[in-house]
Structure formats: structure tokens, C-alpha cells
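Remarks on the overall topology
Each chain, letter by letter, is given below.
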Amino acid sequence: MGVLDGRVACVTGGTRGIGLACAKAFLDEGASVVINGRDPVKGAASVAELNAGDRVHFIAGDVKQREDCEAIVHGTVERYGKIDILVPNAGGGSDYAPVAQMTDEAMQDAMLWNFWHTFWTMRTALNYMIPQGWGRIMAMSSVEGKMGKPAISSYVASKHAINGLCKSVAREVGTMGITVNAICPGAIETDEMKTAGPPAAEAMGLTYEGLLDVFAQQSMIKRLNEVEDVAIVAVLLASEAGAGITGSMISVDGGTSPY
């Protein structure tokens, strides 16, 4: 038996990287899982890779749109009858620059992608979790939710905002059988990192390889983390064993964050 037998999870940005690893870990522990992404082709490939039969389902949607965020959660309930676990995992940023040169559009993009998507999915899921008296929400923050870095302030600000949201919501639902936490991964070379990393590195005056080395050297383990490191923490938080952990910003960063 798995520790998540009978549970239903929804993971945004679940077709690759950390999201896919969380989906696999939930499935391995007996849950049914909805994964989300923008590309139905990638979604179908990820469903095939997960190879969990009727226990895995893909819902296409752009998390920068409120209607899509709500539809992803509603669709999870339509498919499996409930939602127990929510992982707002999708996120990123674009057009990184120092604040003096940053555009409104770059800041807005990061806030929509990271913060607003987390808020929209969380609000929708809570309206199912509160009546059933049980729920687990694990927002995907970042080491940048605890630290600052030059030239990526849009990403940093949006992840700090996620942490504040989680702390407040955890207080609102703490007596209702629902936990709300933020997972704060360090640098992991996911597909998103390979896409967003080079322009971010350029904005910092670094090569992409140099950026990865900076991240590794800032940690205590002197290497990047792996997606599986994050997924195992998500399983703990999703399980009955995680019932006493809420309102926490849990670092999975190899000792990079100072707190």
C-alpha cells in the first residue's frame, strides 16, 4: 500500500521537470493525478511516460489565465470526484533585466505565471477542500523566495509573494484539516532552467554554465539538486505524516538559503 492510496492530486506544469517528478512520486504512492501543461502533445507523451492507466489524466491550460486555472481544478474533480492535493508548480519569468531597465510586462508576466496562478488554483481548490475537511497544498516557491539576486527581481518578488500567501492561508485553514506549505527548491537544471537560464545569466553578466556554477557553489553540497529531491518532500507533505507541517517554507536547496 502507498501512503497516498485513494488520494487525488493536481499538479500544474506537470509534463516535465519538478512537476513531472511530483506526479510520478504521487502515482507511486497510490494517488490518482491530473497533470497540466499548455501543449497537448507534451501532455500525451507525459501521460504515456507515467504509464499509470486511468490514474493519470492530462488537462491542457495556460496558467496565466484565471479561467484556465479554475478549469484545471474543476476538471480534476470532474475526472476523479474530488481534489485532495494541489501542487501549483508551473512558473518562470521572461525578459530579465535590472529594475532600472525592467519593463512592466516582464514583472506582470512573472506575477501571473508564479503568484496569480498559485492564488487562482489555490482559491478554487480550497472551495472543495474546506467542505471535505482535508487537503494538502504545496506551492512551488524557490530559494529565490528567501533570497535576492540581481536582474531577476520579477521572479524573486513573485516567489516571495507566494510564501506570504501560503503563510496567510495556512492560518485561515489550520483547524480545517488542510495544510498549506511552500517548497523552496534550489537550482535544478530542468527544461525551464535550460530555457530561462541563458537570458537570465546574460542579464547577470554570466555565461549559462557560469550561472549554474554560481548556484552550485552557493550551496553547502556544491552541486545542483535533482527533481526527485523535491518530489519526496512533496510526498511527505501530501501524506498523513505531514499533518503537523503547515505555514512552512521548506528549503530543498542543498543548504543555499540562510534560513
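Computed from a predicted model, the values in this text were never measured in an experiment.

**Notes on the overall build of the protein**
- When helices and strands are tallied, the protein shows eight helices and seven strands.
- Over its C-alpha trace the protein gives a radius of gyration of 17 Å, about what one expects of a compact globule, namely 18 Å for 259 residues.
- Expressed as lengths along the three principal axes of its C-alpha atoms, the size of the protein is roughly 50 × 40 × 35 Å.
- Taking all 259 residues of the protein together, the buried fraction comes to 56%.
- Long-range pairs, those at least 24 residues apart, make up 71% of the contacts in the protein with a sequence separation of at least 6.
- In the structure as shown, the protein presents an accessible area of about 11000 Å², 55% of it carried by carbon and sulfur atoms.
- Within the protein, the 29 negative side-chain charges are centred at a point lying 5 Å from the centre of the 20 positive side-chain charges.

**Considerations on empty space enclosed by the protein**
- Enumeration over the complete set of coordinates arrives at one cavity of 30 Å³ or more.
- What lines the largest cavity is Val 143, Glu 144, Lys 149, Gly 186, Ala 187, Phe 215, Ser 219, Arg 223, Leu 224, Asn 225, Asp 253 and Thr 256.
- For the lining of the largest cavity, the residue count by class is four nonpolar, four polar and four charged.

**Some remarks on the packing of aromatic side chains**
- Counting across every chain of the model gives three aromatic pairs.
- The interplanar angle of 85 degrees and the centroid separation of 5.7 Å between the aromatic rings of Trp 116 and Phe 119 together place this pair among those described as edge-to-face. Highlighted residues: Trp 116 and Phe 119, both in helix α4 (residues 104–132), separated by three residues, approximately one helical turn.
- Trp 116 gets classed as partly exposed once you look at its relative accessible area, which sits at 33%.
- Take Phe 119: its relative accessible area is 25%, and that puts it in the partly exposed class.

**Points about the pairing of strand β5 (residues 135–140)**
- Burial of β5 is extensive: six of the six residues sit out of reach of the surface.
- Where burial is concerned, the two faces of β5 agree: the one with Gly 135, Ile 137 and Ala 139 and the one with Arg 136, Met 138 and Met 140 are both buried.
- Bridge count between strand β4 (residues 85–87) and β5: two bridges; the pairing is parallel. Bridged to Ile 85 within β5 is Arg 136.
- Since β4 and β5 lie parallel, the crossover through α4 that links them has a hand, and here it is right-handed.
- Looking at chain direction, β5 and strand β6 (residues 178–185) are connected through six bridges and run parallel.

Reading the values: the criteria
Residues numbered from 1 in each chain as written. Predicted model: local features only at pLDDT ≥ 70, side-chain atom pairs only at ≥ 80, totals over all residues. Heavy atoms only, no water. Helix = DSSP H or I, 4+ residues; strand = E, 2+ residues; numbered from the N terminus. Rg over C-alpha atoms; globule rule 2.2 N^0.38 Å. Buried < 20%, exposed > 50% of the residue type's maximum accessible area, 1.4 Å probe, protein only. Contact = heavy atoms within 4.5 Å. Areas by Shrake-Rupley, 256 points an atom, 1.4 Å probe, with all protein chains shown as cover. Lys, Arg positive; Asp, Glu negative; His and termini not counted. Charge placed at Lys NZ, Arg CZ, Asp CG, Glu CD. 1 Å grid on protein atoms, 1.4 Å probe; cavity = no way out; pocket = protein on both sides within 12 Å on 5 of 7 lines; lining within 4 Å. Points joined across faces, edges and corners; volume = space filled by probe spheres on them. Nonpolar A, V, L, I, M, F, W, Y, C, P; charged D, E, K, R; others polar. Phe/Tyr/Trp six-rings, centres within 6.5 Å; stacked < 30°, edge-to-face > 60°. Pairing = 2+ DSSP bridges. Right-handed = clockwise from strand over helix to strand, strands pointing away.

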